[in-house]
Amino acid sequence: MQKRRAGEVVLGALVCWMLAACGGDKVKVRGHVTNGGGQQSQGLTDGAPALAGDGTVSAAATVRLSRVVASGDLTTLAEADVAADGSYTLELDDAGQRLVIEAVNRAGATVGSAVLDSTTPQSGQEVRTAPPITSESSLEAEVFVQMARDGDAANSVDTVDLRARLNAEQAAAVRGQLKETATESVEALAAAVRAAQATRIKAYARAGVVVTQEQLFSASLDASAQLDASLDAGGQSAAGAYDTFFAAVRAATPQANDAQDQQAEREASVAYRMAVDARLSSGAGVAVADASVRAAAALEARATAAAVKALLQGASATDLTVQQANTAATSLRANLSSATSASAAATAWTSYNAQLATGGSTSVMGAQLGVTSSNQLAFDSAVHTGAQAGATLEATLGTVLEQSGKASATVLADAVVNAFATYDAAVRGGATATLVAFGPKATTGVELLIISEGSFRLR
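Residues numbered from 1 in each chain as written. Predicted model: local features only at pLDDT ≥ 70, side-chain atom pairs only at ≥ 80, totals over all residues. Heavy atoms only, no water.

Undergrad: Even after reading the chapter, I still don't get the nonpolar core, so can you show me in this structure?
TA: Formed by 87 residues in total, the largest nonpolar core has its most connected members in Leu139, Val143, Leu189 and Tyr272. Ranked by residue count, the leading element in this core is helix H6 (residues 179-206), at nine residues. (Core = buried A, V, L, I, M, F, W, Y, C linked by side-chain atoms within 4.5 Å. Buried < 20%, exposed > 50% of the residue type's maximum accessible area, 1.4 Å probe, protein only. Helix = DSSP H or I, 4+ residues; strand = E, 2+ residues; numbered from the N terminus.)

Undergrad: Even after reading the chapter, I still don't get the packing of helix H10 (residues 258-280) against helix H11 (residues 286-314), so can you show me in this structure?
TA: Packed helix pairs are specified by the crossing angle of their axes together with the interaxial distance, meaning the distance between the axes. Where H10 contacts H11, the axes come no closer than 8 Å and their chain directions differ by 170°. On the basis of the axis angle, H10 is roughly antiparallel to H11. Classifying every residue of the contact of H10 with H11 by side-chain character gives 14 nonpolar, four polar and six charged. (Axes fitted to C-alpha atoms, helices over the stretch in contact; angles between N-to-C directions. Parallel < 35°, antiparallel > 145°, perpendicular 65-115°, else oblique. Nonpolar A, V, L, I, M, F, W, Y, C, P; charged D, E, K, R; others polar.)

Undergrad: Just checking my understanding: could you explain the packing of aromatic side chains for this structure?
TA: For any two aromatic rings, the description comes down to two numbers: the centre-to-centre distance and the angle of the planes. What the rule picks out here adds up to six aromatic pairs. Seen in terms of ring centroids, tyrosine 242 and phenylalanine 246 are 6.3 Å apart; in terms of plane orientation they differ by 35°. Their pairing is tilted. Of this pair, tyrosine 242 and phenylalanine 246 both sit in helix H9 (residues 238-251), four residues apart, which is roughly one turn of that helix. With respect to burial, tyrosine 242 and phenylalanine 246 carry one shared label: buried. Between tryptophan 349 and phenylalanine 456, the aromatic rings sit 5.8 Å apart at their centres with planes inclined by 10°, giving stacked as the arrangement. Taken together, the residues span a long stretch of sequence, with tryptophan 349 in helix H13 (residues 342-358) and phenylalanine 456 in the segment after helix H17 (441-454) at a distance of 107 residues. Judged on exposure class, the residue tryptophan 349 and its partner phenylalanine 456 are both buried. Among the aromatic residues, those joined into a cluster by ring pairs are Tyr242, Phe245 and Phe246. Here the guanidinium or amino end of arginine 98 rests over the ring plane of phenylalanine 217, the centre of that ring lying 3.8 Å away. (Phe/Tyr/Trp six-rings, centres within 6.5 Å; stacked < 30°, edge-to-face > 60°. Lys NZ or Arg CZ within 6 Å of the ring centre and 35° of its normal.)

Undergrad: How should I be thinking about the domain arrangement of the protein chain in this particular structure?
TA: A common way to state how big an interface is: give the accessible area lost once the parts meet. What the domain assignment reports for the protein chain is domain 1 (27-157) and domain 2 (182-204 + 256-454). One C-alpha centre belongs to domain 1, the other to domain 2, and the line joining them spans 35 Å. Each side of the interface is counted separately: domain 1 has nine residues, and domain 2 has nine residues. Carbon and sulfur atoms make up 70% of the area that domain 1 and domain 2 hide from each other, which totals about 810 Å². Arginine 194 serves as the salt-bridge partner of aspartate 150, at 3.2 Å between the closest nitrogen and oxygen. Across the side of domain 1 that touches domain 2, the residue classes break down as five nonpolar, one polar and three charged. (Domains from an automatic or database assignment. Contact = heavy atoms within 4.5 Å. Buried area = accessible area lost by both parts, 1.4 Å probe. Salt bridge = Lys/Arg side-chain N within 4 Å of Asp/Glu carboxyl O.)

Undergrad: What should I look at first to understand the packing of H10 against helix H15 (residues 376-404) in this one?
TA: Interhelical geometry of H10 versus H15 gives an angle of 45° and a closest axis separation of 10 Å. The angle between the axes of H10 and H15 places the two elements in the oblique class. Judged by the twist between their axes, the crossing of H10 over H15 is right-handed. Along its contact with H10, which presents Val270, Met274, Asp277 and Ala278, the element H15 presents Leu397, Val400 and Leu401. Of the residues belonging to the contact of H10 with H15, the class tally is six nonpolar, no polar and one charged. (Left-handed = near helix turned anticlockwise from the far one by under 90°.)

Undergrad: Is there a simple way to explain the pattern of salt bridges in this structure?
TA: When charged atoms on two side chains of opposite charge get close, those side chains can pair. This structure, assessed with the given rule, holds 28 salt bridges. Residue arginine 98 pairs with glutamate 214 through a salt bridge whose shortest N-O separation is 2.7 Å. Pair noted here: arginine 98 is in strand S5 (residues 97-104) and glutamate 214 is in helix H7 (residues 213-219), with a separation of 116 residues, a long-range link. According to the relative accessible area criterion, arginine 98 is buried, its value standing at 6%. Residue classification places glutamate 214 among the partly exposed positions, given a relative accessible area of 35%. Among the ionic contacts, a cluster of salt bridges with common partners joins Asp117, Arg128, Glu140, Arg163 and Asp228.

Undergrad: Where do I start with the sheet that holds strand S3 (residues 74-81) in this structure?
TA: The strands making up a sheet are joined through hydrogen bonds of the backbone, oriented either antiparallel or parallel. Here four strands make up an open sheet; going across it, the order is S3-S2-S5-S6 and the pairing antiparallel. Unpaired on one side and paired on the other, S3 and strand S6 (110-118) mark the two borders of the sheet. Neighbouring strand axes in the sheet, compared pairwise and without regard to direction, differ in orientation by 25° on average. When S5 meets S6, the two strands line up antiparallel, connected through seven bridges. Within the sheet, the bridge partner assigned to glutamine 97 lies in S6 and is serine 118. Running at roughly 75° to S6, helix H3 (residues 135-149) makes contact with strand S2 (62-68), S3, S5 and S6 of the sheet. (Pairing = 2+ DSSP bridges.)

Undergrad: I keep staring at the sheet that holds strand S1 (residues 27-32) and nothing clicks. Help me out?
TA: Taken in spatial order, the three strands of this open sheet run S4-S1-S7, and their pairing is mixed. What marks the edges here is a single partner per strand, and that holds for strand S4 (87-92) and strand S7 (128-129). Pairing geometry for S1 and S7, over two bridges, is parallel. Residue pairing for S7: arginine 30 is matched across the bridge by threonine 129.

Undergrad: Just checking my understanding: could you explain the pairing of S3 for this structure?
TA: On any regular strand, side chains alternate: one points to one face of the sheet, the next to the other face. Here S3 lies mainly inside the structure; six of its eight residues are buried. Note that S2 and S3 share seven bridges and pair antiparallel. When the sheet's bridge partners are listed, valine 63 is paired in S3 with alanine 80. In textbook terms, the turn of a hairpin is the stretch between consecutive antiparallel strands, and for S2 and S3 this stretch comprises five residues, one of which, serine 71, has a positive phi near 65°.

Undergrad: How should I be thinking about the environment of alanine 247 in this particular structure?
TA: Inspection of the secondary structure assignment puts alanine 247 in helix H9. The class of alanine 247 is partly exposed, set by a relative accessible area of 47%. Between the C-alpha atom of alanine 247 and that of alanine 223, which follows or precedes it by 24 residues, the distance is 8.6 Å.

Undergrad: Even after reading the chapter, I still don't get helix H16 (residues 409-434), so can you show me in this structure?
TA: One full turn of an α-helix is made of 3.6 residues, so residues set three or four places apart face in the same direction. The terminal C-alpha atoms of H16, which comprises 26 residues, lie 37 Å apart, in line with the 38 Å expected from a rise of 1.5 Å per residue. Among all positions of H16, only Ala409, Leu412, Ala413, Ala415, Val416, Val417, Ala419, Phe420, Tyr423, Asp424, Val427 and Ala431 are buried. Those residues of H16 that are buried lie in contact with H6, H10, H15 and H17. (Expected span 1.5 Å × (residues − 1).)

Given below as structure tokens:
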């Protein structure tokens, strides 16, 4: 991140003097620099993205808390020394949001960083705990700054959502690249996050949910503070901490129900993967693209499992049917967690969709409808209708990728949302008529079919 220093406003000693002179209550942020994430292949001072890794704690001399301003420049708000164990405590006069914490070596080069969504502490606490500085957190900060460099206003970026879309495997893939390709990967991920966030908002609007990116960001800040504290403490597994985080974010956004949230994430996932694929589908970027597909697949799986569960419970499905759906979702998440390639992730989703609806009368949809030999034909016809609509959707998204993959986030979002609007209408229109014999249960069956055929597209 040090190559941005040309435009940075360094307050340095002046900030320290002001903090000492003003007195009164200070906003405090504490955290840790870690060695998490493995060794960087590139040097720390060659201008490549600084993604932490082995030796970061011993290399870090100070931390800087900065605000991201126009063109990705950083304005330093506070500095503090890093203790031998990697811990630090920062003090500043005013609260802030969407800040960047950098670990800096004695030569002034950034060796790792993290996004601090807000300085507001977790409920019941007086000090805000920052996320530990790791390779993953460093990639998140690099992507956030890149979005600002690309023209996004820093205060318009939902950094909580950004952090949810990036993971340690993506960071490892970028960390293993040379300077030029690592920079290209950060640029591609910035475009992907931008496309995903724009698509998510448009998908919500299509579903009748009036919500802004700022509202979603603000609603998730408590969950973000809890996540950061859990990651810093290290007692809970990272997977467990993120499970708690996603549940808290979902609970804090009641504007959308689980079905609407699934639709929004489904479409955001496609836009995200398109933006990455359009920029990193060949050469040195393939590993980052592959890891990004798997990250998106896992994120979409959470929303899909929640939507299916809510749909079945709302339809008073039997406990056995709900358990069947839960088992399928658990298997999906396990298979995605162990997947080592994008193709393996796609296979996991294909298996899940078959268990959900497309596999026949023994699927969750078949169990919910109560398929028998006398109504099997109607069920099969509905599944065929869904398959046809899914194939059309796949072809449409393929054209979008070819024509709009590198387009602006707005253009890509519109194209993706419109494609899914057509798909949803086709399935609802065709399958509803076919499943009329199943009575009131038909509505639930149609929605399960839409989810199963429309999830994780563009394989």
